[in-house]
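Below are the chains, spelled out letter by letter.
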Amino acid sequence: MKRKLRPTTRKSFVTYAIVTAAFIFVEILVSSGSASNMFKGLLVPFCVYSIAAVSLNLTVGILGELSLGQAGFMCIGAYSSAIFSCAVKDTITSPWVRFPIAMLLGGLVAAVFGILIGIPVLRLRGDYLAIVTLAFGEIIKNVLAALFIGSDSKGLHFSLTSQGDLGLEPDGKMIINGALGISGTPKDSTFEIGFVVLMLTLIVLYNFINSRTGRAVMSIRDNRIAAESIGLNITKYKLITFGLTAFLGGVAGSLFSHNLAVLQASKFDYNLSILILVFVVLGGIGSIRGSVIAAVVLTYLPEVLRSINNYRMLIYSIVLIVMMIFTSNATIRGFFAANLAKLKGIVSKDKTAVKEGN
Amino acid sequence: MALLEVKKLGISFGGLRAVDEFSISIEKGELYGLIGPNGAGKTTIFNLLTGVYKPTDGTITLDGVNLTGKSTIEINKAGIARTFQNIRLFSNLSVIDNVKAGLSNNYRYSAATGIFRLPKYFKVEKEMNEKAMELLKVFDLDKEAELPASGLPYGKQRKLEIARALATEPKLLLLDEPAAGMNPNETAELMNTIRQVRDDFDMTVLLIEHDMSLVSGICERLSVLNFGQLLRQGKTAEVLSDPEVITAYLGE
Ligand SMILES: Nc1ncnc2c1ncn2[C@@H]1O[C@H](COP(=O)(O)OP(=O)(O)OP(=O)(O)O)[C@@H](O)[C@H]1O
Ligand SMILES: [Mg+2]
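Residues numbered from 1 in each chain as written. Chains lettered and ligands numbered in written order. Predicted model: local features only at pLDDT ≥ 70, side-chain atom pairs only at ≥ 80, totals over all residues. Heavy atoms only, no water.

*Asks:* For this particular structure, what's the right way to read the overall build of chain A?
*Replies:* Check the secondary structure of chain A and you find 13 helices and five strands. Counting contacts in chain A only where the partners sit at least 6 residues apart, residues at least 24 apart contribute 73% of the total. A total accessible area of about 16,400 Å² is found for chain A, and carbon and sulfur atoms account for 69% of it. (Helix = DSSP H or I, 4+ residues; strand = E, 2+ residues; numbered from the N terminus. Contact = heavy atoms within 4.5 Å. Areas by Shrake-Rupley, 256 points an atom, 1.4 Å probe, with all protein chains shown as cover.)

Put into structure tokens, the structure is as follows:
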């Protein structure tokens, strides 16, 4: 390589390489028959949670605003894409056409909600976003759990009370059945598609962060008053960022809903929002790569530990604490960075240490 | 017509009249000093000029455009940029990215262009990098371009703030105690840099400073503030030899 890569570019390339390597490794495991069914069942969720976590990290780590409603955006994406796929599955039979449109739609609908929430809230200073997104997530979940949609020759029917209320013709079919959710969504999600979408998400995020817009967003995070003094339009940049987080959250939800035989709104509760926030915090706030690693490790761990049920929560908690120490304690991070640099020096004689965490 | 025309500017915080009837007129290309004892209201005037505080009285006009009551963002776009007494860098960004943040409004491409890395992204980023390096060179910061801003020594952080402000291509540059925390050598060097900025960028500078060697060394005219009120205004040498000014600084 003739030109030296900028540290930010190098960081993104390392992440792409790690994710691709992990993907290839898993593909080999699966095709050689050494992967358990439990593990295979986790492959799409790995991608879903990674996408949800990195996109939340954009708002939490890069913009510096707390959002407690990532599950709400996933829920909107999951539902809107599933409704779309159910409605068109007889007309558009190829999943290669149907699924990308469904994901795009899921993302766009979620982004619209994100921007509608953001317009009033992101103008305010303080932690209002946390409060409003928390309420938003719960409201979305409860409204969708009470929603009935059916279709027949007269078109779509809606109700918020009961299935009978829809007045469907005898040959009409249910799309959303209240708290029972959506069944019959085509199972279009695969690990391969999940990997591609995750890679695209990572590329979008890294490109965004390393662009004029991302720089402006991080400037606002670091010092709002100084950002205003150089003429940066605070509200605009916050809205773009939050909208992108909602969009990608919606895409994650779409991937999720096309992986399940039955989709229920109750899955997208407050606990899921917090879980994703935990991935972000433990992976290191602002570290895209960390979010992916934390999402995968912390999705995998509880499942592996099922066999030793008695010690499960104990081990899970220890891992949480260790990760927290790794990622949030500057002294320890510095210690490992220094030793890693030494190791690298021995291996490649490259003395320049890469500094992670911005 | 003067570049900056301020008439009878005033603001109160509760019962405290922090600035009262402050008027000033600065010509294009001037190096103008604003001095006064601690708590006199100097920084408050900068905050009024840049829209951080809204004045209760008076008007601010820059190059014939009325800026009274405008937001900080609008005022920067109209041509006033500043530095801060308590340094406010984007501490997690690299040195060059701090300057490039300042270039944001003059070197534009959309968020989508950045995300999809369209050709315009590479073109504009290249121009930004060149412009940013050019500015960093003026302040002798080009070798530290890739360091995090928070890793710079104090004096260099102050210089980086000036570079970032200049990146917005202002007509008027406000410097709040640019030499604070610098040793005499650094201060002497800074004086040269400020002069160079004025000459090379055709800049008009209004600066607050306690270091009298800097003030008397580079400012052509001065305003002296005391308890929020103008004490004296005029040519530097005359103002500094005024007995009233001397007592305001030494007496009390
Ligand atoms: N936001 C505010 N609320 C209340 N009082 C304020 C505020 N900002 C400034 N003041 C008061 O206004 C007066 C002038 O403050 P200012 O910071 O302008 O002084 P200064 O001349 O810059 O002093 P120094 O040389 O110490 O920087 C002080 O008494 C200060 O306490
Ligand atoms: Mg001050």
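On we go from here.
*Asks:* For this particular structure, what's the right way to read the environment of A:Ser80?
*Replies:* All names here are of chain A. Within the secondary structure layout, Ser 80 lies in helix α3 (residues 70–88). Ser 80 sits in the buried class, given a relative accessible area of 15%. Non-local contacts of Ser 80, meaning those with residues more than four positions away in its chain, are made with Leu 105, Gly 106 and Val 109. Here the side chain of Ser 80 touches Ile 76 through a polar contact of 2.6 Å, landing on its backbone oxygen. (Buried < 20%, exposed > 50% of the residue type's maximum accessible area, 1.4 Å probe, protein only. Polar contact = N/O pair within 3.5 Å; in protein donor to acceptor, adjacent residues only side chain to side chain.)

*Asks:* Would you mind going over the interface of chain A and chain B with me for this structure?
*Replies:* Many authors give the size of an interface as the accessible area that is lost as the parts come together. With 30 residues of chain A at the interface, the matching set in chain B holds 34 residues. In total, chain A and chain B occlude about 2,700 Å² of area from one another, counting both sides; carbon and sulfur atoms represent 54% of this. Counting across the chain A and chain B interface gives one salt bridge. With a closest N to O distance of 2.9 Å, B:Glu125 and A:Arg215 form a salt bridge. Counting across the chain A and chain B interface gives 13 residue pairs in polar contact (both at pLDDT 80 or more). When contributions to the side of chain A that touches chain B are tallied by element, the ones reaching two or more residues are α6 (191–209), α7 (212–222), α8 (224–229) and α9 (234–257) of chain A. Considering every element that reaches the side of chain A that touches chain B, the biggest residue donor is α7(A), with seven residues. Split by residue class, the side of chain A that touches chain B holds 13 nonpolar, 10 polar and seven charged. (Buried area = accessible area lost by both parts, 1.4 Å probe. Salt bridge = Lys/Arg side-chain N within 4 Å of Asp/Glu carboxyl O. Nonpolar A, V, L, I, M, F, W, Y, C, P; charged D, E, K, R; others polar.)

*Asks:* Where do I start with the coordination of the magnesium ion (ligand 2) in this structure?
*Replies:* When a metal carries six donors in an octahedron, the ideal angles between them are 90 or 180 degrees, while four donors in a tetrahedron ideally lie at 109.5 degrees. Donor atoms from the polypeptide that coordinate the magnesium ion (ligand 2) comprise B:Thr43 (OG1) and B:Gln85 (OE1), at 1.9 to 2.1 Å from the metal. With a gap of 42 residues between them, B:Thr43 in helix α1 (residues 42–49) and B:Gln85 in the loop between β6 (80–82) and α3 (95–103) connect regions that are remote in the sequence. (Donors = N, O, S within 2.8 Å, 3.2 Å for Na, K, Ca; no water.)

*Asks:* Honestly, the packing of aromatic side chains in this entry has me stumped. Any pointers?
*Replies:* Any two aromatic rings considered together are summarised by their centre-to-centre distance and by the angle between their planes. Residue and element names in this part refer to chain A. In this structure the tally under the stated criterion is 15 aromatic pairs over all chains. Centre to centre, the rings of Phe 73 and Phe 242 are 5.6 Å apart; their planes meet at 80°, and the pair counts as edge-to-face. With a gap of 169 residues between them, Phe 73 in helix α3 and Phe 242 in helix α9 connect regions that are remote in the sequence. Per residue, the accessibility class of Phe 73 equals that of Phe 242, and both read buried. Linked through ring pairs, Phe 73, Phe 113, Phe 136 and Phe 242 together constitute an aromatic cluster. The ring of Tyr 237 has Lys 236 sitting right over it, with the charged end atom 4.9 Å from the ring centre. (Phe/Tyr/Trp six-rings, centres within 6.5 Å; stacked < 30°, edge-to-face > 60°. Lys NZ or Arg CZ within 6 Å of the ring centre and 35° of its normal.)

*Asks:* What am I meant to see in the sheet that holds strand β2 (residues 155–159) of chain A here?
*Replies:* Two strands in a sheet stick together by hydrogen bonds in their backbones, pointing the same way (parallel) or opposite ways (antiparallel). All names here are of chain A. On the basis of which strands lie adjacent, the open sheet formed by three strands has the order β2-β1-β3 and antiparallel pairing. Of all the strands in the sheet, the pair left with one neighbour each is β2 and β3 (173–177). The sheet shows a mean angle of 20° between the axes of neighbouring strands, taken without regard to direction. Alignment of strand β1 (residues 148–152) against β3, held across four bridges, turns out to be antiparallel. In the strand pairing of β3, Ile 149 is matched with Ile 176. In the packing of α3 onto the sheet, the strands contacted are β1 and β3, and the crossing angle to β3 comes to about 175°. (Pairing = 2+ DSSP bridges. Axes fitted to C-alpha atoms, helices over the stretch in contact; angles between N-to-C directions.)

*Asks:* What exactly am I supposed to notice about the domain arrangement of chain B here?
*Replies:* Residues and elements named next belong to chain B. Parsing chain B into structural domains produces domain 1 (1–79 + 171–185 + 204–252) and domain 2 (89–169). Placing the centre of domain 1 and that of domain 2 at their C-alpha centroids yields a distance of 28 Å. The partner domain 2 presents 10 residues to the 11 residues of domain 1 that form the contact. Approximately 730 Å² of surface area, both sides summed, lies buried where domain 1 meets domain 2, with 64% of it carried by carbon and sulfur atoms. Scanning the region where domain 1 abuts domain 2 turns up zero salt bridges. In this structure, the connection of domain 1 to domain 2 is made through two residue pairs in polar contact (both at pLDDT 80 or more). Secondary structure elements with two or more residues in the side of domain 1 that touches domain 2: α2 (72–78) and β7 (172–176). Take the side of domain 1 that touches domain 2: its biggest share by element is three residues, from β7. Looking at the side of domain 1 that touches domain 2, its residues break down into five nonpolar, two polar and four charged. (Domains from an automatic or database assignment.)

*Asks:* How do you make sense of the side chain of B:Asn226 when you look at a structure like this?
*Replies:* The residue B:Asn226 is located in strand β9 (residues 221–226) in this model. Setting aside residues no more than four positions away along its own chain, B:Asn226 makes contact with B:Pro37, B:Ala40, B:Leu231 and B:Ala248.

*Asks:* Got a minute to help me understand the environment of A:Ile83 in this structure?
*Replies:* All names here are of chain A. Turning to its location among the elements, Ile 83 is positioned in helix α3. In this structure Ile 83 comes out as partly exposed when scored by relative accessible area, which is 22%. Linking Ile 83 and Ile 149, residues 66 residues apart in sequence, is a C-alpha distance of 9.1 Å. Dropping the residues within four chain positions of it, Ile 83 is found in contact with Ile 149, Ile 175, Ile 176 and Ile 182.

*Asks:* Please clarify how the pattern of salt bridges should be interpreted in this entry.
*Replies:* Opposite charge on two side chains lets them pair, provided their charged atoms get close. Residues and elements named next belong to chain A. A full pass over the atoms with the stated rule returns 20 salt bridges over all chains. In this structure, Arg 221 engages Asp 222 in a salt bridge whose closest nitrogen and oxygen atoms are separated by 3.0 Å. Assigned by exposure class, Arg 221 and Asp 222 land together as buried. One salt bridge in this structure joins Glu 228 and Arg 224, with 3.7 Å as the shortest N-O distance. Of the two residues, Glu 228 and Arg 224 both sit in helix α8, four residues apart, roughly one turn of that helix.

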